[in-house]
Amino acid sequence: NSGHYALTELESMQRIGVTFEQQEEENSDNKMNSSGSRSPQQRRLSIITQNVDYLHQRAGTKYVTELHGRTNRLKCWECGHIRDRADFTEDLERLNKDWLQEASPKTNNHDRMRPDGDAQLSNKVSYDNLSIPSCLCCGGFMKPDVTFFGDNVPKHRVERCKAA
């Protein structure tokens, strides 16, 4: 929307933002020198967001801390491996091609897919043969890389926001 584009423009003019060192999120502990000031490798961060939809980046904002994560990636509960959600979905559909064909006729076309991505399936659909792709690194369980209600925001994200 126009608000996101306006924020992007202000960011490019360096009129808004807080600073942080440009690092990968998992290693994003803000490092300050002994005087408490930040090092010269600083970048601008214009947004700390609770959105999980990647909207700020799609609008062009470069430096975003996503407090509650992102829905377009999955994270392994065991080893922390990150996987693109589109790739995971392709594997899910490939592994369950027969199941999807069996479930589709039992599903009312009007209710098949909702705007939020959920689907309404008939009570007649069995989940016994549904296969869920495992983590490619360790075989663990993959879940969307978001903070769900009742979960804790990862400490490194909280610290990054506090340091801002």
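As the structure is a computational prediction, the values presented were derived from the model and not from experiment.

S.K.: I would appreciate a short explanation of the overall build of the protein chain in the present structure.
M.R.: When helices and strands are tallied, the protein chain shows five helices and seven strands. Ordering the α and β elements of the protein chain from the N terminus gives α-β-β-β-α-β-β-β-α-α-β-α. Within the protein chain, buried positions represent 29% of all 164 residues. In the protein chain, 55% of the contacts between residues at least 6 apart in sequence involve partners at least 24 apart. Surface exposure of the protein chain reaches about 11100 Å², of which carbon and sulfur atoms provide 48%.

S.K.: Quick question: what am I supposed to make of a nonpolar patch on the surface here?
M.R.: Among the surface-exposed residues, Trp 77, Ile 132 and Phe 141 lie close enough to one another that they form a single nonpolar patch of about 360 Å² accessible area. Its location among the elements puts Ile 132 in the loop between helix 4 (97–103) and strand 7 (142–146).

S.K.: What should I look at first to understand the sheet that holds strand 6 (residues 82–84) in this one?
M.R.: In a beta sheet, neighbouring strands are held together by backbone hydrogen bonds and run either parallel or antiparallel to one another. Read from one edge of the open sheet, three strands run 6-5-7, paired in antiparallel fashion. Each end of this open sheet is capped by a strand with a single partner; those strands are strand 6 and strand 7. Averaged over all neighbouring strand pairs, the angle between strand axes comes to 45°, with direction disregarded. Note: strand 5 (residues 69–76) against strand 7, five bridges, orientation antiparallel. The residue of strand 7 that forms the bridge with Lys 75 is Lys 143. Contacts from helix 3 (residues 85–95) reach strand 5, strand 6 and strand 7, with the element oriented near 70° to strand 6.

Rules behind the numbers
Residues numbered from 1 in each chain as written. Predicted model: local features only at pLDDT ≥ 70, side-chain atom pairs only at ≥ 80, totals over all residues. Heavy atoms only, no water. Helix = DSSP H or I, 4+ residues; strand = E, 2+ residues; numbered from the N terminus. Buried < 20%, exposed > 50% of the residue type's maximum accessible area, 1.4 Å probe, protein only. Contact = heavy atoms within 4.5 Å. Areas by Shrake-Rupley, 256 points an atom, 1.4 Å probe, with all protein chains shown as cover. Patch = residues over 30% accessible without salt bridge, like charges linked within 9 Å, V, L, I, M, F, W, Y side chains within 5 Å. Salt bridge = Lys/Arg side-chain N within 4 Å of Asp/Glu carboxyl O. Pairing = 2+ DSSP bridges. Axes fitted to C-alpha atoms, helices over the stretch in contact; angles between N-to-C directions.

What is shown is where atoms sit, not what they do.
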